[in-house]
Amino acid sequence: MALNRLFSNLIISTTTSTICKRTLHASAISYASKPNIVKPKPGFGKSYRRIVHFPEEYTVKPLNVTNLAGRDPVSGRVVAKGIGGGIKHKYHWIAWVRDGPTEGPPQEEKVIQIIEDGCRTAHIALVGVGDKLKYILATENMKAGDIIKTSRHLPRIPVRANEGDAFVLGALPTGTLVHCIEKEPGQGGLYVHAAGTSGTILRKQNDRIIVQMPSKRLFSFDQHCMAVVGRLSNVDHGDTPIGSPQRNRWLGNRPRSGLWHRKDGRHGRKIRPPKPVKEIKNPKNFPLPTIQLNMVP
Amino acid sequence: MKLSRVLYAQHIGFMFKKHWVIQGKRVPIDSGVEQYLKEKGINVEDALEFVKEKPELRERLDIVGPYERPLPLDQNHPNYKEKPCYTLSNTSVLLEGICQAQVLTKTVIAEDKLPPRIEELAALSAPKAIHDGVKKAILSANVFDCQQKKLPKKKDLERPAYNFPRILGISDRRRNEVLTNRLLQLVEKSSDTDVTCNKYILNDVDCTTLFDKEEELIQFQDISNILVTSNKPLKHEIDNEDIPFIGIPDLYPIKHTISLPAQHFYDESSKYPIRSNISVKYPHTTWLHYNPTEVNNLYEEPVTPIQVLGRSLTHAFTIASAFAKQLYGEETKDLPEPVYVNCIQTDGQRFHFGIFELNTLNVEGTEGPKNVWYCKNDLKLYDSSRYLSGIPVLENYNPQIYGYINAFYNC
């Protein structure tokens, strides 16, 4: 990974393992007389834009947020360039886990209102079921007063699902557009959250379902993972240009500089063979913690 | 001095340091011994942890300080009650508004229908002097008051980042108080002494009612901004046969306790603001103010008109049921005689009139005797009242409203 190697032939290389290579990466800067600074790098879901102050229990009340402006909260140093300022939006805590009964008729929920959220591109829906209110990501044609269903039951025949309903991947027919797909059953929807996006169920292979992501990459999910049917709301978001540099500042992006040639170097289009289908599951083996040897006895 | 002499110099210590920093980070190879031993049931401990000294356990001392420390509000508090009580307060609003209020209070609604006596009294036209007085009252509440408080920020949706200069003016609470008190004073002045001598007017009184619905305790805590009481019970004669009632709706999949937060600290009995040995205790009319800055939703979205109307229904129910419980006892279910309460809700501009007929305190299910809510909603008193190029202006005054307020007072 991104560790500087000064004289790599002097180092005993670590054995390559089947451990998942996606871990947080850090970069070390070492000068002659300055202390060694280890800063984290943005990526893999962490964007250093804001910290949300979550209470202990789930609540529908919008939560307070502190903006980070690209700084790492631990070291206080700038980690992601080009982030800062912008309008502060309160965070609506979305209930990512859409739980339903494992047997019997699906649980019905009522959509009360569709709200625009400042912290994401898609709209959110305020949904009420029984005693509880919660937020979920709104789909394209959702409106106030709709009834949506959730069920964890895996039937023999695929279910005819409407937009906004949440079923297990094994229960949906091939060709359905889905979003908010879980990684492991019960973990909460992690994939496909952006406005107007959706994944497509392509085929079923043994006990896994192969879904095409919005980036056209193929992922294989466990058939008991929940997914919500339909395309996400705010479909025109991808087609609307930002419009002005000031609007970009309102979104929290600081001015960028840099010579950019559309078709040169790393910005040009690449032709590559398609990657193989990736199995999505939580990693089981984790590497042991690194031991830091130092000169001080 | 030649630059090259300085550049070529090397410091062996710096090189050592850099090597140590990088090569000192080693990830141990997992040989699987720990996992194997754990499966066999043998306890594996880290040597460095084993060698560390265990922290000394010290007992907690309760220091006697200058005052008693307040106990945290959790299960161990002496006033904590196991059974939660779902509470609706003056500043919170029901999610489904009037539909949910109907289910909670087992009420049917007669939309736009007030008793014929009220309509007769309202049709009587008042002299011009009275309408002038009403216009003066509106202007004094909206324009001529000298309170200066920060009003809510003005936002432009096209330019979300622009901060408008902050406006200082009359707060909505003050405006509603001044307007309603002045209107009531006008009504009192133009009524006969035998009506006014029997009525008391109270400002800002608390009223709480606690009832049971489907094994759950529900509590309404309300503040009546103006409560007009009289020394004999209010009676209305209404013919119930021809009225198309709006029945109790089915809120599936929502339960009737949604958006009512559960509290574990509450009083076990209802509270009516007047003692029972006072002669003028019978509630006549209650005025409820809707202040947009104080009343809001749990989820901080704008309050819808349906939610505002639901508020007046629950308020009338609170007053009526608290009084009925004081008269007939806490545990009565069906009342021998219905209790009537008039209710006027206003936000300064819009007036919602209603009459609540309390027939039963048993709010279980949808069968049996039901309570009735006769209402006339959304009557505008004026279109706008403000300074227009330096001149105080009142646009589109509606004289009907005074008629209804007078009718409500005199019936």
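Keep in mind it's a predicted model, so treat the numbers as computed, not measured. (Residues numbered from 1 in each chain as written. Chains lettered and ligands numbered in written order. Predicted model: local features only at pLDDT ≥ 70, side-chain atom pairs only at ≥ 80, totals over all residues. Heavy atoms only, no water.)

Novice: How should I be thinking about the nonpolar core in this particular structure?
Specialist: Across soluble globular proteins, you tend to see nonpolar side chains buried next to one another. Residues and elements named next belong to chain A. By size, the foremost hydrophobic cluster in this structure holds 41 residues, and its most contacted members are Leu169, Ile181, Val211 and Phe221. Mapped onto this core, the elements with two or more residues apiece are β5 (107-116), β6 (123-129), β7 (132-137), β9 (166-168), β14 (208-212), β15 (218-222) and β16 (226-229). Per element, the largest residue contribution to this core is four residues, and it comes from β16. Discounting chain neighbours no more than four positions away, the residues touching Ile181 are Leu169, Gly188, Gly189, Leu190, Tyr191, Val192, Val211, Met213, Phe221, Met226 and Ala227. (Core = buried A, V, L, I, M, F, W, Y, C linked by side-chain atoms within 4.5 Å. Buried < 20%, exposed > 50% of the residue type's maximum accessible area, 1.4 Å probe, protein only. Helix = DSSP H or I, 4+ residues; strand = E, 2+ residues; numbered from the N terminus. Contact = heavy atoms within 4.5 Å.)

Novice: In this structure, what is going on with the state of the cysteines? I would like to understand it.
Specialist: In a disulfide, the sulfur atoms of two cysteines are covalently bonded to one another. Taken as a whole, this structure holds zero disulfides over all chains when the rule is applied. In this model A:Cys225 remains outside any disulfide bridge; the closest cysteine sulfur is found in A:Cys180, 12 Å from its own. (Disulfide = S-S within 2.5 Å.)

Novice: When you look at the side chain of B:Asp145 in this model, what are you seeing that I'm missing?
Specialist: Residue and element names in this part refer to chain B. Residue placement: Asp145 occurs in the loop between α7 (128-142) and β4 (149-150). Polar side-chain contacts of Asp145 include one of 2.7 Å to the side chain of Arg174. If near-sequence neighbours (up to four positions away) are discounted, Asp145 is found in contact with Ser140, Ile170, Arg174 and Val178. (Polar contact = N/O pair within 3.5 Å; in protein donor to acceptor, adjacent residues only side chain to side chain.)

Novice: What am I meant to see in a nonpolar patch on the surface here?
Specialist: A cluster of nonpolar residues, A:Ile291, A:Leu293, A:Met295, B:Ile12, B:Met15, B:Phe16 and B:Trp20, forms a patch on the protein surface that exposes about 690 Å² of accessible area. Here B:Met15 is to be found in helix α2 (residues 12-23). Take B:Met15: its relative accessible area is 35%, and that puts it in the partly exposed class. (Patch = residues over 30% accessible without salt bridge, like charges linked within 9 Å, V, L, I, M, F, W, Y side chains within 5 Å. Areas by Shrake-Rupley, 256 points an atom, 1.4 Å probe, with all protein chains shown as cover. Salt bridge = Lys/Arg side-chain N within 4 Å of Asp/Glu carboxyl O.)

Novice: Before we go on, may I ask you to explain the interface of chain B and chain A in this structure?
Specialist: A common measure of how large an interface is: the accessible area buried when the components associate. Tallying the contact residues gives 32 residues for chain B and 40 residues for chain A. At the boundary of chain B with chain A, total buried surface from both sides reaches about 3500 Å², with 66% on carbon and sulfur atoms. Its largest share of buried area at the contact with chain A, chain B owes to B:Arg26, B:Pro253 and B:Tyr299, together 17% of the area lost on that side. Between chain B and chain A we count one salt bridge in total. Of the charged contacts, one joins A:Lys110 and B:Glu96 as a salt bridge, the two residues approaching to 3.6 Å between their closest N and O atoms. Between chain B and chain A we count six residue pairs in polar contact (both at pLDDT 80 or more) in total. For the side of chain B that touches chain A, the secondary-structure elements that each account for two or more residues are α2 and β1 (25-26) of chain B. With eight residues, the top contributor of residues to the side of chain B that touches chain A is α2(B). Residues belonging to the side of chain B that touches chain A are distributed by class as follows: 18 nonpolar, four polar and ten charged. (Buried area = accessible area lost by both parts, 1.4 Å probe. Nonpolar A, V, L, I, M, F, W, Y, C, P; charged D, E, K, R; others polar.)

Novice: Please explain a positive patch on the surface as it appears in this structure.
Specialist: On the surface, a cluster of positive charge is made up of A:Lys270, A:Arg272, A:Lys275 and A:Lys278. Among the secondary structure elements, A:Lys278 is positioned in strand β17 (residues 278-279). (Lys, Arg positive; Asp, Glu negative; His and termini not counted. Charge placed at Lys NZ, Arg CZ, Asp CG, Glu CD.)

Novice: Any chance you could explain the UniProt feature "domain: Large ribosomal subunit protein uL2 C-terminal" (unreviewed entry) in chain A here in plain terms?
Specialist: Mapped onto this structure's residue numbering, the UniProt feature "domain: Large ribosomal subunit protein uL2 C-terminal" (unreviewed entry) falls at residues 161-283 of chain A. Between the end C-alpha atoms of residues 161-283 of chain A there is a gap of 31 Å, over a span that is 5% helix and 28% strand. (UniProt positions renumbered as here; feature names shortened; annotations may be inferred.)

Novice: Quick question: what am I supposed to make of the confidence of the model for chain A here?
Specialist: For residues with low pLDDT, the predicted coordinates do not support detailed interpretation. Averaged over every residue, the pLDDT of chain A is 88; residues scoring 70 or more account for 89%. For residues 1-20 of chain A, every residue scores under 50 in pLDDT, and the model assigns this stretch 20 contacts once sequence neighbours within four places are set aside. (pLDDT = per-residue confidence, 0-100.)

Novice: For this particular structure, what's the right way to read the packing of aromatic side chains?
Specialist: Think of a pair of aromatic rings as described by two things: how far the centres are apart, and how the planes are tilted against each other in angle. Residues and elements named next belong to chain B. Here the structure, examined in full by the defined rule, presents 18 aromatic pairs over all chains. Centroid distance Tyr282 to Phe323: 5.6 Å. Interplanar angle 65 degrees. Geometry classified as edge-to-face. Here Phe323 lies in helix α10 (residues 305-328) and Tyr282 lies in strand β9 (residues 282-289), a separation of 41 residues in the sequence. Neither Tyr282 nor Phe323 differs from the other in exposure class; each is buried. Among the aromatic residues, ring-to-ring pairing joins Phe211, Phe220, Phe317, Phe356 and Trp373 into one connected group. Over the face of the ring belonging to Tyr266 we find Lys81, whose NZ or CZ atom lies 5.2 Å from the ring centre. Its end group placed over the ring of Tyr282, Lys281 keeps NZ or CZ at 5.7 Å from the ring centre. (Phe/Tyr/Trp six-rings, centres within 6.5 Å; stacked < 30°, edge-to-face > 60°. Lys NZ or Arg CZ within 6 Å of the ring centre and 35° of its normal.)

Novice: So what exactly am I meant to see when it comes to the domain arrangement of chain A here?
Specialist: Residue and element names in this part refer to chain A. Once the domains are mapped, chain A shows domain 1 (39-92) and domain 2 (94-237). With seven residues of domain 1 at the contact, the number on the domain 2 side is twelve residues. When residues of domain 1 are sorted by the area they lose upon contact with domain 2, Tyr58, Val60 and His92 head the list and together hold 66% of the total. Counting across the interface, domain 1 meets domain 2 through zero salt bridges. At the junction of domain 1 with domain 2, the criterion picks out five residue pairs in polar contact (both at pLDDT 80 or more). (Domains from an automatic or database assignment.)

Novice: Hey, could you run me through the UniProt feature "domain: Large ribosomal subunit protein uL2 RNA-binding" (unreviewed entry) in chain A in this one?
Specialist: UniProt feature "domain: Large ribosomal subunit protein uL2 RNA-binding" (unreviewed entry): in the numbering of this structure it lies at residues 70-150 of chain A. Taken end to end, residues 70-150 of chain A is 0% helix and 33% strand, and its first and last C-alpha atoms sit 38 Å apart.

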